[in-house]
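Per-entry structural report
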Amino acid sequence: MNPSSQHKLLHDRYRWPARLAISLFAEVGGGHMAMVAATPASQMYNENAATGSALSQTVKSTASRKTTVRAANHNKAKRLQSIVVTSGSRHGSYQSNVAEISSFTPQSIHDTPASISQVTRSVIDDQQARLLSDVVRNDASVQLNDAATGYYEGLSIRGFPLDQATGYQINGLTIAGEQNVPLENKQSVDILKGESAFQNGVGSPGGIIDYETKRPADVHSLTFGTDAQGSRYYAGDFGWLNRDKSFGIRVNFAHEAIHSPIQYANGQRNVLSLAADWRITAKSSLQIDAEWQRRSQISVNGYQLLGGTTLPSHVSNSAFIGYEPWVQPTTFNAYNLSARYNYSFSDDWRLSVRAGSSWSDLNDNMVYAYGCYYQASCSNAAGHYFSASGGYDIYDYRMPVEDYRNNEVQALLFGDIDSGWLHQSVTLGISAFQHKVVESGEVYEYVGSGNIYTGAPYYPQDDDTVTPAQTVLDSRQFAIFGSDQLSFGQHWQLSLGGREVFLREKAFDSDTGTLQRDTRQNVFLPQASLVYKPTDQWMFYASYSKGLSLGNQAPWWATNANQFFTPYVSRQTELGAKWAVSQRFSINAALFDMTQPFSYARPDDSEEGYTYVRKGTERHLGAELSATGEITDHLRITSSLTYIHATASQSGYSAYDGVQVINQPRLKASVYAHYDLPWVPQLSLLGGVNYSGRKSVLNDGSVQAPAFATLSLGASLLTHVEGHPLTFRLSIDNLTNRFYWADAGASGGDMFLYPGQPRTARLSAQYDF
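Residues numbered from 1 in each chain as written. Predicted model: local features only at pLDDT ≥ 70, side-chain atom pairs only at ≥ 80, totals over all residues. Heavy atoms only, no water.

Turning our attention to the overall build of the protein. In terms of helices and strands, the protein carries 7 helices and 39 strands. Within the protein, buried positions represent 60% of all 769 residues. Within the structure as shown, the protein displays about 29000 Å² of accessible surface, and the carbon and sulfur contribution to it stands at 57%. (Helix = DSSP H or I, 4+ residues; strand = E, 2+ residues; numbered from the N terminus. Buried < 20%, exposed > 50% of the residue type's maximum accessible area, 1.4 Å probe, protein only. Areas by Shrake-Rupley, 256 points an atom, 1.4 Å probe, with all protein chains shown as cover.)

The next subject is the pattern of salt bridges. The final tally for this structure, using the stated rule, is 28 salt bridges. Through salt bridges with shared partners, a single ionic network connects R130, E184, E256 and R269. (Salt bridge = Lys/Arg side-chain N within 4 Å of Asp/Glu carboxyl O.)

This brings us to empty space enclosed by the protein. Inspection of the entire model under this criterion finds 15 cavities of 30 Å³ or more. Computed from the structure, the second largest cavity encloses a volume of approximately 410 Å³. In terms of lining, the second largest cavity is formed by 32 residues, of which the most central are Q95, I116, S117, N588 and S626. Among the elements of the structure, β3 (115-120), β25 (568-582), β26 (585-603), β27 (610-630) and β28 (635-649) are those that each provide at least two residues to the lining of the second largest cavity. Residue classes in the lining of the second largest cavity are distributed as 12 nonpolar, 16 polar and 4 charged. (1 Å grid on protein atoms, 1.4 Å probe; cavity = no way out; pocket = protein on both sides within 12 Å on 5 of 7 lines; lining within 4 Å. Points joined across faces, edges and corners; volume = space filled by probe spheres on them. Nonpolar A, V, L, I, M, F, W, Y, C, P; charged D, E, K, R; others polar.)

Time to look at the sheet that holds β3. Taking strand neighbours across the sheet as the criterion, the 5 strands line up as β3-β9-β10-β7-β8 in an open arrangement whose pairing is mixed. The open sheet is flanked by β3 and β8 (173-174), the only strands paired with a single partner. Of the pairings in the sheet, the one linking strand β7 (residues 168-170) to strand β10 (residues 207-213) comprises 3 bridges and is parallel in character. Along β10, the bridge assignment pairs Y168 with I209. (Pairing = 2+ DSSP bridges.)

Take the side chain of S360 next. The topology assignment puts S360 in strand β17 (residues 349-370). One polar contact links the side chain of S360 to the main-chain carbonyl oxygen of E178, over a distance of 2.6 Å. Ignoring anything within four residues of it in the chain, the contact list for S360 reads A176, E178, Q179, F332, N333, A334, E402, D403 and Y404. (Polar contact = N/O pair within 3.5 Å; in protein donor to acceptor, adjacent residues only side chain to side chain. Contact = heavy atoms within 4.5 Å.)

Spatially, the 3 strands line up as an open sheet ordered β4-β5-β6, and their pairing is antiparallel. Pairing within the sheet leaves two strands with one partner each, and these edge strands are β4 (142-144) and β6 (160-161). For strand β5 (residues 155-157) and β6, the ladder comprises 2 bridges, and the chain directions are antiparallel. Across the sheet, S156 pairs through a bridge with P161, a residue of β6.

We now examine the state of the cysteines. A covalent bond between the sulfur atoms of two cysteines is what we call a disulfide. In this structure the tally under the stated criterion is 1 disulfide. Paired through a disulfide, C372 and C378 show a sulfur-sulfur distance of 1.6 Å. For the disulfide bridge between C372 and C378, the dihedral angle about the S-S bond is near -100°, and by the sign convention the bridge is left-handed. In this structure, C372 and C378 share a single accessibility class: buried. (Disulfide = S-S within 2.5 Å.)

Time to look at the environment of N301. For N301, the position within the fold is in the loop between β15 (284-297) and β16 (330-344). Sequence separation of N301 and I321 is 20 residues, and the distance between their C-alpha atoms is 6.5 Å. For N301, the contacting residues outside a window of four places in its chain are F320, I321, M366, V367, Y368, A369 and Y754. Only 2.9 Å separates the side chain of N301 from the backbone oxygen of I321, close enough to count as a polar contact. There is a polar contact of 2.8 Å between the side chain of N301 and the backbone oxygen of V367.

There is a patch of nonpolar side chains on the surface, built from W421, F488, W492, L530, Y532, W538, F540, W579 and V581 and spanning about 840 Å² of accessible area. Of all the elements in the fold, those that place two or more residues in the nonpolar patch are β23 (515-532), β24 (538-549) and β25. Note that F540 resides in strand β24. (Patch = residues over 30% accessible without salt bridge, like charges linked within 9 Å, V, L, I, M, F, W, Y side chains within 5 Å.)

The structure is reproduced here in structure tokens:
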């Protein structure tokens, strides 16, 4: 009897008492079976049959029907043929083949003229990832940027910090980035590296992070997990399809009691999500997703340079600097809702209407260690750093209402036109997007001082109250966009597209409600690419794109404090090559050149000592190389290597010209592997290495955070209980417990240093029934 038949038989005669007994030792995930045999790329939406429904594949299968029709007539031009990756492993694949992060519709990653990486469900499970920072360590082009424990995480891609308002998506719709998105209901995390204006309009040139949700399927899975600190974790993944698979739902839930390796930084979170697919008719379908997460955790301070010139030394990566017992946790309530209606007029023309709403409500609390203005040893110019001896000021910071809201609607028309020697794939669309920020007044009061080496004595909490909440930002984008992919025979493809963006944005004073800024700008954002595919295995491309980003705000300690700058234009050119070594293993490479205006705090003779300016050009030249998939039947890897030369020129301040931008290493690499022991088929070894070169902490490069490498090890053991898979996983990160500066990013013009996590061990059990 084959495994799938045995699984179905056991499922049919399953008894609930046994389920309850096993649930105490189970983990979320669903059985990771081998991917089905190669099919057209647009049909292969999910990584494996165990986590994706047949009806959700039907939603996206129209393009595959077109391919079949065209293949019958060799006299007509057709789309470049796709390479579809499959997996022969019992654990599922590290390599996927389809994403829609750069095209609004599922498309072969191999054929897409952009640098895209995808972290699959199998990698997430093996690494027991709970946060986005756990996931993106697999991509060397991504760097943490002001990612404090207990708060939402900031990232940069190719050296450009992502915009929290527009840099994150779920199923292609923009979400509020001020949240830690749960991973329990995610099938993959897709990373588009580089300019994304055609997809997202106004935003960061760095790229997009897109979470793809699990679709309904017949799945029953429970979870139990813990770690070396005694955290408790459990979750469930339950799905159902009706008999003809025209309707299905999937529910995920999770609870985690977080015991942080950083002292005092404990917390908890709860997650609930629902996905529903409905094939209404043979031509129409509807997908709905809803998720909620409540997360509450004490927020941890970062370090600052001592005297503005020296890295802190002999400090602990598990210490909480500035802790006071009265500090309350920062609490997030996040909701992400979306719906997608698809209609096929014919095999060649399709309509998709999508709507999403995302909001993250924060009760922001922190005992804030910052600067040394209240210490005699500090000058005004160095007051926004710790003192030379390690002293810092302690503030009671509270903002009880901090709400971020995103609403988006899209309508897209996809069509294919054959005209003999030429085939065209057309996309036309309109979209409306709103990002709104509502804040109450804040408490930000000095309560005392501490020292990173001697700690902080007890100080009473400030008793100030705050003003009522009001809107501080209302940003709206309306866009009309379109693209045309022209395929010439079997080997060449030219893609031309553009997005006309109408930006309207108002910013208000958080105390008085008075209008501070009214931005009105229209801009056309073009993109173009040329693809050459000499064989089915090889693809080469060249692309150009232009983006628009919102202007930065001057830091509060500059002469022109809090001044908003006008939006600015960025540009990118990219050359790339993709090689499908086999159906299960691929190698990708890209060279890129990205530019934007350089903004910085320029030292001067003013009373404050700095004036924030925009002058000169910031240029990021880089190369990326990745290898992902199954090298043999027993060995799977995901690996990447990135080199980025990111410097400013003609800034008007020579000390900053030619220096690597802050927090971006020149060289970064990662590799993670899963090896199935051939002589013990049930046992697998897991492990990886992450390397980061040194990073500039100041714009003049006079202070550098040292290079580091961390090691992770683990194991996976597959057993069976009453015929159902029970998988145990052990993972140990930072095995040598090395101290390193993982993040030397900036926030509001201030530089912060965050140590990497100390050694962390996690153990989990996953039961699929």
